[in-house]
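Understanding the architecture of this molecule
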Amino acid sequence: MPQTPLTRRSVLATGAIGSAAVLLSPKAGASAAPAAAPAVIANGAHVGALVVGSGYGGAVAALRLTQAGISTHLIEMGRDWGTGNGTFTPSAREPDKRSTWFRTRSDQPVNHFMGADINRDIPLYAGVLASERFAAMRIYQGRGVGGGSLVNGGMAVTPTQAFFQEMLPSVNQASMYNTYFPRARAALGVSSVDPAWMESSPWYKFARVGRKQANRSGFSTTVVPNVYDWNYMKQEQAGTVTKSALAGQVIYGNDNGKRSLDKTYLAQAKATGRLVVSPLHEVTSLVPFGSGYKVTIRQITDTGTVVAIKTVTADKVFIAAGSVGTSKLLVRQRALGNLPNLAAEVGSGWGNNGNVMVGRANHMWDATGANQSTIPSLGIDNWNDAGGRSFIEVAPIPTGIETYIQLYLAITANANRAAFTYDTATDGVNLSWQPSWSEPSINAAKRVLDKINSKEGTMYRTDLFGSTKTWGDDFTYHPLGGCLLDVATDNVGRLHGHPGLYVMDGALIPGCTSVNPFLTITALAERNIEAIIGADFA
Ligand code: FAE
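Residues numbered from 1 in each chain as written. Predicted model: local features only at pLDDT ≥ 70, side-chain atom pairs only at ≥ 80, totals over all residues. Heavy atoms only, no water.

Next up on the list: the sheet that holds strand S14 (residues 390-395). Spatially, S7-S13-S14-S15-S12-S18 is the arrangement adopted by the six strands of the open sheet, whose pairing is antiparallel. Only two strands of the sheet have a single partner each, and these edge strands are strand S7 (221-223) and strand S18 (459-460). Taken together, the four bridges between strand S13 (residues 378-382) and S14 define a ladder with antiparallel strand orientation. Bridging from a neighbouring strand, asparagine 382 pairs with serine 390 of S14. Strand contacts of helix H10 (residues 439-456): strand S12 (356-361), S13, S14, strand S15 (405-412) and S18, with the helix running at about 10 degrees to S12, the strand carrying the most contacts. (Pairing = 2+ DSSP bridges. Helix = DSSP H or I, 4+ residues; strand = E, 2+ residues; numbered from the N terminus. Contact = heavy atoms within 4.5 Å. Axes fitted to C-alpha atoms, helices over the stretch in contact; angles between N-to-C directions.)

This is how it looks when you write it as structure tokens:
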């Protein structure tokens, strides 16, 4: 049977990452590091801990389980992208087959320019960015070992304590802000741009112009921390290293510069010798079996041919397939009677973090620059506006030419929540989001951007999200919820009704984090896995 080779990656032993190592003492019954780990999981295997999905929740679980001496298998439906130059699509401007998860045409967030559709035909391939379409919402997600960290903008923002209290009232605030957020920031390698460099770099002119305009209308901006290596970016500008953020790479992966999970949590987990990663393996079913679970896994090639259907058994299963992947998997298993005891709330409470995008047309004297880094550095903070709360990223539009466009991604307070439901006719899962539900988000964003337009005498662009469409309100980068903490699970992510089955990812978070979500997902996973290892592996 053909098997996908496991490519080894180098460990980035930075000080920040090293200082984050929380060495848990090995548990009773924990296995020693295997002499020669198998390349991928074998059909018929019995494993102690199985983690489904290698994004933030999965990577945290994998690291802390292996550090506690527990042999762990990580199952990931996307590719292992390896490292180094030439792994990913060279620029988001020119999507090739590596860009997109099994579509015959790219499906970009900004998909039009001056009336023209800028998507491209591409061969079907296990590309790194999935655009998953539901009736009224398309959801962008990372696919590959590292999940969303491979494709995201790296913005690592801590929500205010006041909002965290509102979002997850059952979670002890002090422990989050004193222990788990700092632990997550250190392990992810979060830092901020050198302010002096940002003021002078031509690649951040778009950010400076965006800030000037926000300030002129009475709004303050805040620097947004990131996992991108800012020193590497300085060298990109100096021309001494291969360009990545300064070459238009981000949503289809960064070959260099970004500390994605494969270089941080997952590299550390592999270094324990107790982690086996199975890329191009998708978990399709879960059934209780003895005191654990029987798990069915489909293995594919990178062009989509199914090469194996494997059945394995696991004592404990950590589901970290992302808000959408986790919700879909569990809703379907409940409907098929495989996990009959799951709570009725599994599938509910889904939100899009209030995401909407929009562009403004600047005047010729407010050029945003032909050269733009793909990594944002500033946000307009209007979260205290009770009439419509928003945190608006000043986003780049790295086309390589001067467009005079000021682009924004707004994160807004939007109380609408959708549910995932099983559809017997298609054997698929639907999402109940309605087009009109984005209106509160647009209204919140307009409270800032209408004012800027009025002050600057400018208008919105209507040619970026369709041939005549102002708002990018039908997609999200930030799916959250579907399996809420302390509702569908207990207060650390144990699913009700099925012992030994856990949720670890963005599905736990009720629809909105007020800021970009991965730092919150990581910190919450750190909290939960510590409690689970302490209590359930004794
Ligand atoms: P996620 O990272 O999505 O990982 C889930 C993994 O599970 C994926 O690798 C899937 O391939 C895999 N999977 C799914 N189903 C299965 C299955 N059945 N079997 C095996 N594997 C499976 O989940 N957030 C920020 O905070 N800052 C940003 O700057 C930012 N920018 C973004 C830009 C883009 C283009 C996108 C798409 C997202 C961005 N995000 C950003 C969102 C962030 O990446 C996302 O919230 C996290 O990745 C979610 O983490 P999870 O662990 O929940």
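By nearness alone, 37 residues border the ligand, and Glu76, Gly148, Met155, Gly506 and Phe518 come closest of all. With respect to the ligand, the side chain of glutamate 76 contributes an N or O atom lying 2.7 Å from an oxygen atom. Taking methionine 77, its main chain carries an N or O atom lying 3.2 Å from a nitrogen atom of the ligand. Notes on the ligand: free accessible area 1000 Å², of which the protein chains cover 95%. Among the secondary structure elements, those contributing two or more residues to the shell around the ligand are helix H2 (56-67), strand S6 (137-142), strand S9 (281-289) and helix H11 (518-536). Looking at the shell around the ligand residue by residue, the class counts come to 16 nonpolar, 17 polar and four charged. (Near = heavy atom within 4 Å. Polar contact = N/O pair within 3.5 Å; in protein donor to acceptor, adjacent residues only side chain to side chain. Areas by Shrake-Rupley, 256 points an atom, 1.4 Å probe, with all protein chains shown as cover. Nonpolar A, V, L, I, M, F, W, Y, C, P; charged D, E, K, R; others polar.)

Take the nonpolar core next. By size, the foremost hydrophobic cluster in this structure holds 97 residues, and its most contacted members are Leu50, Leu65, Val317 and Phe318. Of the residues forming this core, the biggest block, nine residues, is contributed by H11. Discounting chain neighbours no more than four positions away, the residues touching valine 317 are Leu50, Val52, Leu286, Tyr293, Val295, Gly500, Leu501 and Tyr502. Ranked by size, the runner-up nonpolar core spans 53 residues in total, among them Val128, Leu150, Ala214 and Ile251. (Core = buried A, V, L, I, M, F, W, Y, C linked by side-chain atoms within 4.5 Å. Buried < 20%, exposed > 50% of the residue type's maximum accessible area, 1.4 Å probe, protein only.)

Further remarks concern the packing of aromatic side chains. In the structure shown here, the tally under the stated rule is 21 aromatic pairs. Ring centres of tryptophan 350 and tryptophan 433 lie 5.9 Å apart, and the angle between their planes is 85 degrees; this geometry places the pair in the edge-to-face category. Of this pair, tryptophan 350 sits in the loop between helix H9 (322-335) and S12 while tryptophan 433 sits in the loop between strand S17 (428-431) and H10, and the two are 83 residues apart along the sequence. A connected cluster of aromatic rings, assembled from ring pairs, spans Phe134, Trp350, Phe420, Trp433 and Trp437. (Phe/Tyr/Trp six-rings, centres within 6.5 Å; stacked < 30°, edge-to-face > 60°.)

A word on the confidence of the model for the protein. Taken as a whole, the protein shows an average pLDDT of 93; of its residues, 93% reach a score of 70 or greater. Here residues 1-35 is a poorly scored stretch, pLDDT under 50, and it has 77 contacts once near neighbours within four places are set aside; other chains count. (pLDDT = per-residue confidence, 0-100.)

A word on H2. Relative to the 16 Å expected for 12 residues at 1.5 Å per residue, H2 spans 17 Å between its end C-alpha atoms, a close match to the ideal helical length. Of all 12 residues making up H2, 12 are buried, and the element is well covered by its neighbours. Along H2, the positions that sit buried rather than exposed are Tyr56, Gly57, Gly58, Ala59, Val60, Ala61, Ala62, Leu63, Arg64, Leu65, Thr66 and Gln67. Note on H2: the residue one or two positions beyond its end, glycine 69, has a positive phi of about 90 degrees. (Expected span 1.5 Å × (residues − 1).)

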